[in-house]
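Here is how the chains run, residue by residue.
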Amino acid sequence: MTTAEERFWKFVHKTEGCWEWTGSIKPNGYGLFWGPGKMQAHHFLIGHPPEGYEADHICHNASKECPGGAGCWHRRCVRPDHLEWVTKSVNLHRGMSRNLVTQCLRGHLYTADNTL
């Protein structure tokens, strides 16, 4: 019987940069891993966030080509040194400051007609 760790690594493609999760992907673009329990894939390596914090993919912040939103390929990154615990407001501010947020978490495009 394989361990959760053995199963986890079967779904990780390591590159010089990001370690891409190749297993199940949630609708919001984050990797999904079962075991122990259902969790975002990157939490398997770094644990669950402290109260009031969430993981920020700092590899995303450094990328100028990423479309952001559910199409962001950085959401699949599970490399621990590409993740940082930050508050939700810091995470949102970092994402918005890149001026690349073009859609909501469900993939709907922001347009002049549907945004203020």
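Refer to the preceding data block for the structure.
Residues numbered from 1 in each chain as written. Predicted model: local features only at pLDDT ≥ 70, side-chain atom pairs only at ≥ 80, totals over all residues. Heavy atoms only, no water.

### Some points on the overall build of the protein
Helix and strand content of the protein: four helices and six strands. By the compact-globule yardstick of 13 Å for 116 residues, the protein fits well, its C-alpha radius of gyration being 15 Å. With the C-alpha coordinates aligned to their principal axes, the bounding extent of the protein is approximately 55 × 30 × 25 Å. By residue count, 34% of the 116 residues in the protein fall in the buried class. In the protein, the proportion of contacts linking residues at least 24 apart, taken out of those at least 6 apart, comes to 59%. Accessible surface for the protein amounts to roughly 7,500 Å². Of this, 56% is attributable to carbon and sulfur atoms. Taking the 13 positively charged and 11 negatively charged side chains of the protein as two groups, their mean positions are separated by 5 Å. (Helix = DSSP H or I, 4+ residues; strand = E, 2+ residues; numbered from the N terminus. Rg over C-alpha atoms; globule rule 2.2 N^0.38 Å. Buried < 20%, exposed > 50% of the residue type's maximum accessible area, 1.4 Å probe, protein only. Contact = heavy atoms within 4.5 Å. Areas by Shrake-Rupley, 256 points an atom, 1.4 Å probe, with all protein chains shown as cover. Lys, Arg positive; Asp, Glu negative; His and termini not counted. Charge placed at Lys NZ, Arg CZ, Asp CG, Glu CD.)

### Points about the packing of aromatic side chains
Within the structure shown, the criterion is met by eight aromatic pairs. Ring geometry for Phe-8 and Phe-33: centres 5.4 Å apart, planes at 85 degrees, overall edge-to-face. Placement of Phe-8 in helix 1 (residues 4-9) and of Phe-33 in strand 3 (residues 32-34) is noted, with a sequence separation of 25 residues between them. Each member of the pair Phe-8 and Phe-33 is classed as buried. Aromatic side chains Trp-9 and Trp-19 sit 6.0 Å apart centroid to centroid with 65 degrees between the ring planes, which places their arrangement in the edge-to-face category. Here the residue Trp-9 occupies a position in helix 1, and Trp-19 occupies one in strand 2 (residues 19-21), the gap between them amounting to ten residues. Take Trp-19: its relative accessible area is 17%, and that puts it in the buried class. Across from the ring centre of Trp-19, 4.3 Å away, lies the NZ or CZ of Lys-14, which sits over that ring. (Phe/Tyr/Trp six-rings, centres within 6.5 Å; stacked < 30°, edge-to-face > 60°. Lys NZ or Arg CZ within 6 Å of the ring centre and 35° of its normal.)

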